[in-house]
Amino acid sequence: KALGRLVAADDKKALRQIGMVDAQGRAAAHTGERCIAWAGHHVGDGFSVQANIMRDETVVPAMVQRFELTGGSLAHRLISTLEAAERAGGDLRGRQSAAVLVVRGEATGEPWRDVVLELRVEDHPTPVRELRRLFDLQRAYEFMNAGDRALEEDDGKAAVKAYDSAARLAGYNLEVRFWAGVTLATNGELERGGGMLKRVFA
């Protein structure tokens, strides 16, 4: 009903594209007949995909398939869907920017607590790839934080596991590798941790 009222009241609806999903997962979308080809949408169970100025009509089905088949967090599923769009041909004009925003299902009244993830790549030759790198880096720091908490609780085994996960996600990052090496070395894995630290210092 909300989408129907918006479209009915818009004298430029032929140029508009919109998708919406409500709190119960009901979805609706509109693609005006004068949107720049290729333009279209797909309304699925609890989601909607919109695209315009795409290379061809294969982009939306590729996005739908990836979103439906991908598990994990919503942010991971959204970024995976963008990656599928790129592989299917993506934007006819090329590429420049990419972003993802995920917020909590219920507002706390403190907006800074409600944002689960917000990443933006404003200008980059491969923006979706850069978005994925930033997402993995953020996850790595979350593992680092978990490792810190485990150390505070004298749980060396959990700390090693957390820092190890961080290193797998962002092994190119010297800080991540440094703390992973320190934690491994001080929790009985001296050879492995020491090897990591040597590479960091080198």
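Since the structure is predicted, the reported quantities are computational estimates derived from the model, not experimental observations. (Residues numbered from 1 in each chain as written. Predicted model: local features only at pLDDT ≥ 70, side-chain atom pairs only at ≥ 80, totals over all residues. Heavy atoms only, no water.)

> What's the story with the packing of aromatic side chains in this structure? I'm lost.
Two aromatic rings are characterised by how far apart their centres lie and by the angle between their planes. Within this structure, the stated rule accounts for three aromatic pairs. Ring geometry for F178 versus W179: centroids 4.9 Å apart, planes at 80°, classification edge-to-face. With 6.3 Å between their ring centres and 70° between their planes, F178 and F201 make a pair best called edge-to-face. In this pair, F178 is assigned in helix 7 (residues 174–186) and F201 in helix 8 (residues 190–201), connecting sequence segments 23 residues apart. Accessibility expressed as a relative area gives 64% for F201, which makes it exposed. Following the ring pairs from residue to residue traces out a cluster consisting of F178, W179 and F201. One Lys or Arg, R77, reaches over the ring of F67 and ends 4.0 Å from the middle of that ring. (Phe/Tyr/Trp six-rings, centres within 6.5 Å; stacked < 30°, edge-to-face > 60°. Helix = DSSP H or I, 4+ residues; strand = E, 2+ residues; numbered from the N terminus. Buried < 20%, exposed > 50% of the residue type's maximum accessible area, 1.4 Å probe, protein only. Lys NZ or Arg CZ within 6 Å of the ring centre and 35° of its normal.)

> Help me out: how do you make sense of helix 2 (residues 59–69) in this one?
One full turn of an α-helix is made of 3.6 residues, so residues set three or four places apart face in the same direction. Taken together, the buried positions of helix 2 are occupied by V59, V60, A62, M63, V64 and F67. Structurally, helix 2 contributes buried residues whose contacts are with strand 3 (40–44), strand 4 (47–51) and helix 3 (74–87). (Contact = heavy atoms within 4.5 Å.)

> I tried to follow the packing of helix 2 against helix 3 on my own but got confused; where do I start?
Two packed helices can be described by the angle between their axes and the distance between those axes. The geometry of helix 2 relative to helix 3 is characterised by a closest axis approach of 8 Å and an angle of 150° between their N-to-C directions. For the element pair helix 2 / helix 3, the angle class is roughly antiparallel. Relative to helix 3, helix 2 is oriented so that their crossing is right-handed. For the pair helix 2 and helix 3, contact is made by V59, A62, M63, R66, F67 and E68 and by L74, R77, L78, S80, T81, A84, A85 and R87, respectively. Its residues placed into classes, the contact of helix 2 with helix 3 shows eight nonpolar, two polar and four charged. (Axes fitted to C-alpha atoms, helices over the stretch in contact; angles between N-to-C directions. Parallel < 35°, antiparallel > 145°, perpendicular 65-115°, else oblique. Left-handed = near helix turned anticlockwise from the far one by under 90°. Nonpolar A, V, L, I, M, F, W, Y, C, P; charged D, E, K, R; others polar.)

> Honestly, the environment of M63 in this entry has me stumped. Any pointers?
Within the secondary structure, M63 sits in helix 2. Remark: the alpha-carbon pair of M63 and L82, spanning 19 residues in sequence, is separated by 7.0 Å. The contacts of M63, once residues within four sequence positions are left out, are V49, T81 and A85.

> Please explain helix 6 (residues 156–169) as it appears in this structure.
Given a rise of 1.5 Å per residue, 14 residues ought to cover 20 Å, and the 20 Å separating the end C-alpha atoms of helix 6 matches this to within 8%. Residues of helix 6 that are buried include every one of G156, A159, V160, A162, Y163, D164, S165, A166 and A167, and no others. Against helix 5 (127–152), helix 7 and helix 8 lie the buried residues of helix 6. (Expected span 1.5 Å × (residues − 1).)

> For this particular structure, what's the right way to read the environment of S48?
Within the secondary structure, S48 sits in strand 4. Once the C-alpha coordinates of S48 and A28 are considered, the two residues, 20 residues apart in sequence, prove to be 6.9 Å apart. Look past the residues within four positions of S48 in its chain and what remains in contact with it is G19, V21, A27, A28, A29, H42 and V43. Here the side chain of S48 touches Q50 through a polar contact of 2.4 Å, side chain to side chain. (Polar contact = N/O pair within 3.5 Å; in protein donor to acceptor, adjacent residues only side chain to side chain.)

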